[in-house]
Amino acid sequence: MNTSATQTLGTNAKDLRTAAALLGAGALVAFPTETVYGLGADARNAQAVAAIYAAKGRPSFNPLIVHVSDVEQAKRYVQWSDTADGLARAFWPGALTLVLPLKDGHGLSALVTAGLDTLAIRVPSHPTAIALLHAADCPVAAPSANPSGRISPTSAAHVLDGLSGKIAAVLDDGPCTVGLESTIVGLTPVPILLRAGGVSAEDLETALGHSLGHPPGHPLGAPQSANITAPGQLASHYAPAAHVRLNARAARGDEVLLGFGDIAGDLTLSATGDLIEAAAHLFEHLHALDKTGRPIAVAPIPDTGLGLAINDRLTRAAAPR
Ligand code: TXA
Ligand code: MG
């Protein structure tokens, strides 16, 4: 975690280059979007993405939205569809996030999607966000730039209130115009409203030409159109198929061991016991060990800092299903 002073940058060309260089170096930069300020990191850099969770102090991993400069960039990371194209034409750039299946060879850190095989992606309309995405020339993962449990920031001052000293820089370009997070629509493949936000459901339905589904369990119910999405498919968390045993000092029987610190294992989350590195490796290593088809034993992880989020994820993975 960066504990030095947080730079406040403006929107001139030099400051944008500074912000882009910081992102390129794996640092965290908060930036304005039309909805709320985002806490950005290079979405391909697992350590940088792990640092987002550390800065926010989140006790669990939630998949993040990846921000790109245009539809062509989006197509590098997700399996595009006609419905996606229609919604993008109507609402991008803007306050709409689409959840689509990840594309092979996407190159993003597994921590961005929290191990899921779908990706939330959007093209923001804020000119400073777009300028930063062009300058950085990378996909930018960004949750709202607030500490966990606090309200979303709509000014650079809000960002500094919560995250000063924990991030490299904030790009200050005044208040956000929408002031509400983006609307999230799942397209896997039936359009489902996953989060209400800056684009109204009515406007989405007009663009789609039919009504939107709601996730099972949603107060508005799951209409016919959503029925092909089984509740399990909507679970927002990846879980390994294998049996998982926690707090293991050594493998037993057929197990593969995921190490940490002194406990080496078949793969290690971090040989030096660094929790940010451990978070960066977590989903990649779980996927890799899951592919062996053998049960997974996991070394003890301390319950401090990012260890809380790691243990939250591991506890869910180990829960009987
Ligand atoms: O307006 C916004 O969307 C802002 C700005 C910065 O773009 N970002 C934002 O991010 O609100 P965040 O992390 O606070 O919210 C992201 C939401 C979470 O509720 C997460 O569960 C959901 O997106 N999400 C991300 N990836 C997903 C996926 N693959 N499937 C379903 N939901 C996903
Ligand atoms: Mg948020």
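The structure under discussion appears in the preceding block.
Residues numbered from 1 in each chain as written. Chains lettered and ligands numbered in written order. Predicted model: local features only at pLDDT ≥ 70, side-chain atom pairs only at ≥ 80, totals over all residues. Heavy atoms only, no water.

Student: Help me understand the sheet that holds strand S9 (residues 183–187), please; the structure alone is not making it clear to me.
Tutor: The strands making up a sheet are joined through hydrogen bonds of the backbone, oriented either antiparallel or parallel. In space, the ten strands of this open sheet follow the order S1-S8-S2-S3-S7-S4-S6-S5-S9-S10, with mixed pairing throughout. The open sheet has two edge strands, strand S1 (7–9) and strand S10 (191–195), and neither has a second partner. Note: S9 against S10, four bridges, orientation antiparallel. Looking at S10, one finds that Ile184 is bridged to Arg195. (Pairing = 2+ DSSP bridges. Helix = DSSP H or I, 4+ residues; strand = E, 2+ residues; numbered from the N terminus.)

Student: Would you explain the pattern of salt bridges in this entry?
Tutor: Two side chains with opposite charge may pair up if their charged atoms get near one another. Inspection of every chain in the model, using the stated rule, returns seven salt bridges. A salt bridge links Arg89 to Asp85; its shortest N-O distance comes to 3.0 Å. Here the residue Arg89 and the residue Asp85 both occupy positions in helix H4 (residues 82–91), the gap between them amounting to four residues, near one helical turn. On the basis of relative accessibility, which here comes to 68%, the residue Arg89 falls in the exposed class. For the salt bridge of Arg316 with Asp312, the shortest nitrogen-to-oxygen distance reads 3.1 Å. Of this pair, Arg316 and Asp312 both sit in helix H10 (residues 307–318), four residues apart, which is roughly one turn of that helix. Look at Arg316 and you get partly exposed, because its relative accessible area is 42%. (Salt bridge = Lys/Arg side-chain N within 4 Å of Asp/Glu carboxyl O. Buried < 20%, exposed > 50% of the residue type's maximum accessible area, 1.4 Å probe, protein only.)

Student: Sorry, what's going on with the packing of aromatic side chains here?
Tutor: Working definition: an aromatic ring pair is given by the centre-to-centre distance plus the angle between the planes. Tallying each qualifying case throughout the model produces three aromatic pairs. When the ring of Tyr53 is compared with that of Phe61, the centres are 4.7 Å apart and the planes differ by 90°; the resulting orientation is edge-to-face. For Tyr53, a relative accessible area of 1% puts it in the buried group. With a relative accessible area of 0%, Phe61 lands in the buried category. (Phe/Tyr/Trp six-rings, centres within 6.5 Å; stacked < 30°, edge-to-face > 60°.)

Student: Sorry if this is basic, but what is going on with the site of ligand 1 here?
Tutor: Inspection of the region around ligand 1 gives 21 residues, with Thr35, His67, Thr118, Ser182 and Arg195 positioned closest. Interatomic distance of 3.1 Å between a side-chain N/O atom of Arg122 and an oxygen atom of ligand 1. One of the side-chain N or O atoms of Ser144 is found 3.3 Å from an oxygen atom in ligand 1. Here ligand 1 loses 86% of its free accessible area of 690 Å² to cover by the protein chains. If you list the elements that add at least two residues to the shell around ligand 1, you get strand S4 (65–67), strand S6 (118–122) and S10. Here the element with the most residues in the shell around ligand 1 is S6; it accounts for three residues. (Near = heavy atom within 4 Å. Polar contact = N/O pair within 3.5 Å; in protein donor to acceptor, adjacent residues only side chain to side chain. Areas by Shrake-Rupley, 256 points an atom, 1.4 Å probe, with all protein chains shown as cover.)

Student: Even after reading the chapter, I still don't get the pairing of strand S12 (residues 256–259), so can you show me in this structure?
Tutor: Strand residues, when the strand is regular, have side chains that alternate between the two faces of the sheet. The two faces of S12 match: Val256 and Leu258 on one face and Leu257 and Gly259 on the other face are all buried. In terms of strand pairing, S12 meets strand S14 (residues 296–298) through three bridges, oriented parallel. Bridged to Val256 within S14 is Ile296. Note that S12 and strand S13 (residues 267–268) share two bridges and pair parallel. Among the inter-strand pairings, Leu258 is bridged to a residue of S13, identified as Leu267.

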